[in-house]
Amino acid sequence: MRINLHALQRMSAANGYKLEGGWLKTLDWAVQQALQNHLMAILDLHNYTDIAKDPEGYKPRFLAYWKQVSAHFQDAPNTVLFELLNEPNGKLTPQLWNEFLREALAIIRATNPARTVIIGPPFWNGFGHLDELALPDDDRNIVVTVHYYEPMRFTHQGAPWEKETAHLSGVKWGSTEEKERMERDFATVQDWSLKHHRPILLGEFGAYDAAPMESRAAYTAHAARTAESLGWAWTYWQFDSDFIVYDIDKDQWVEPILKALIPQ
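Residues numbered from 1 in each chain as written. Predicted model: local features only at pLDDT ≥ 70, side-chain atom pairs only at ≥ 80, totals over all residues. Heavy atoms only, no water.

Moving on: unusual backbone geometry. With an omega of -5°, the peptide bond running from Glu150 to Pro151 counts as cis. If you trace the backbone, Pro151 turns up in the loop between strand 5 (142-148) and helix 6 (152-155). At Asp242, a position not held by glycine, the phi torsion is positive, near 50°. You can see Asp242 is positioned in the loop between strand 7 (233-234) and strand 8 (246-247). The phi torsion at Phe243 lies on the positive side, around 45°, for a residue other than glycine. On the secondary structure map, Phe243 appears in the loop between strand 7 and strand 8. A relative accessible area of 2% means that Phe243 is categorised as buried. (Helix = DSSP H or I, 4+ residues; strand = E, 2+ residues; numbered from the N terminus. Buried < 20%, exposed > 50% of the residue type's maximum accessible area, 1.4 Å probe, protein only.)

Shown next as structure tokens:
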């Protein structure tokens, strides 16, 4: 279970960037629920848009966050994982991201020497930017994450935040050529993984709710099965709210997407 955490806006220099006790209590509850249900819990710092706009301004909060969270969970079971930052992008350039991740990783290792840490490449965890990711060779407790939404004209059709695809509708997916493109893209990641001896997490994939349901299900299933065939773990984006697999308002699963992820 990948838990998306928005903490940095709650932190202030006035109190040394201390996380609120209530916020940590809520996080403890979420982690405990995951562990009680035999799920791994990925603690994903999701303030990526803030850091992308002002990396240096947010860096003290970023490092303070990981110092507190890593100390707080240092005795947690190894099924609790840390994800440094979702989708580094914008002014958080590849060079800056490599600096940020090294500093954060050093802080985490002070209290969690063997904790699994998830780190992705720059440019939105794009699989085409893996070679720009610089990880410490002597730290092997790292899983590399990539996100996959190709082709965007299908996966983000009708999504209001994507101006290039917001006007699109009825775009289908599932031809042999389209499936083979996904497989080639995943093979590129697998080649990198084997070369660098780094395991892969397909950290996000899916198609926005406006896409035709049959195509959404086909896309989701093909991504999950292809990832599994390569030995990757995956986390679908997302449980609720667009790209939806569970309809909270109706309190029911979106069956085609659920079955695409977990064949029954």
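We are not done yet, so read on.
Let's shift gears to the side chain of Glu87. On the secondary structure map, Glu87 appears in the loop between strand 3 (80-83) and helix 4 (94-111). Buried charge without a partner: Glu87 forms no salt bridge, and the closest opposite charge is Arg2, 6.6 Å away. Within the local environment of Glu87, its side chain forms a polar contact with the side chain of His147, the two groups lying 2.7 Å apart. Contacts of Glu87, omitting those with residues within four sequence positions, involve Tyr48, Trp124, Asn125, His147, Tyr149 and Glu204. (Lys, Arg positive; Asp, Glu negative; His and termini not counted. Salt bridge = Lys/Arg side-chain N within 4 Å of Asp/Glu carboxyl O. Polar contact = N/O pair within 3.5 Å; in protein donor to acceptor, adjacent residues only side chain to side chain. Contact = heavy atoms within 4.5 Å.)

In this structure, Glu99 sits in helix 4. Residue Glu99 is classed as partly exposed on the basis of its relative accessible area, which comes to 28%.

Attention now moves to the packing of aromatic side chains. Tallied over the full model, the rule gives 20 aromatic pairs. Ring centres of Tyr65 and Trp66 lie 4.9 Å apart, and the angle between their planes is 80°; on these two criteria the pair is classed as edge-to-face. Of the two residues, Tyr65 and Trp66, both sit in the buried class. Residues Phe239 and Tyr246 carry aromatic rings whose centres are separated by 5.2 Å and whose planes lie at 5° to one another, so their mutual orientation is stacked. By relative accessible area, Phe239 is classed as partly exposed at 44%. Taken together, the aromatic side chains of Trp23, Tyr65, Trp66 and Phe82 make up a single cluster linked through ring pairs. (Phe/Tyr/Trp six-rings, centres within 6.5 Å; stacked < 30°, edge-to-face > 60°.)

In this structure, strand 1 (residues 2-5) lies alongside strand 2 (residues 41-45), joined through four bridges in parallel fashion. Each residue of the ladder has a partner; that of Arg2, found in strand 2, is Ile42. Regarding topology, helix 1 (residues 21-36) serves as the crossover connection from strand 1 to the parallel strand 2, and that connection is right-handed. (Pairing = 2+ DSSP bridges. Right-handed = clockwise from strand over helix to strand, strands pointing away.)

For the rest of this paragraph, the subject is helix 7 (residues 176-196). Over its 21 residues, helix 7 runs 30 Å from end to end, which matches the ideal 30 Å to within 8%, given 1.5 Å per residue. Of the surrounding elements, those touching the buried residues of helix 7 are strand 5, strand 6 (200-205) and helix 8 (213-229). Immediately downstream of helix 7, the backbone of His197 shows phi near 55°, a positive value. (Expected span 1.5 Å × (residues − 1).)

Here we take up the confidence of the model for the chain. Regions with low pLDDT carry predicted coordinates that are not meant to be interpreted in detail. Averaged over the chain, the pLDDT score is 97; the fraction of residues at 70 or greater is 100%. Taking the mean pLDDT of every element in the chain, the minimum, 96, falls on strand 8 and the maximum, 99, on strand 4 (residues 117-119). (pLDDT = per-residue confidence, 0-100.)

Overall, the coordinates contain ten salt bridges when judged by the stated rule. The salt bridge partner of Arg109 is Asp139, with a shortest N-O separation of 2.7 Å. On the criterion of sequence distance, the pair formed by Arg109 in helix 4 and Asp139 in the loop between helix 5 (122-125) and strand 5 is long-range, its members being 30 residues apart. Take Arg109 and Asp139: they sit in the same class, and that class is buried. One salt bridge connects Asp209 with Arg216, and the closest N-O pair in it is separated by 3.6 Å. For Arg216, a relative accessible area of 2% corresponds to the buried category. Residues participating in the shared-partner salt-bridge network are Arg2, Asp44, Glu83 and Glu204.

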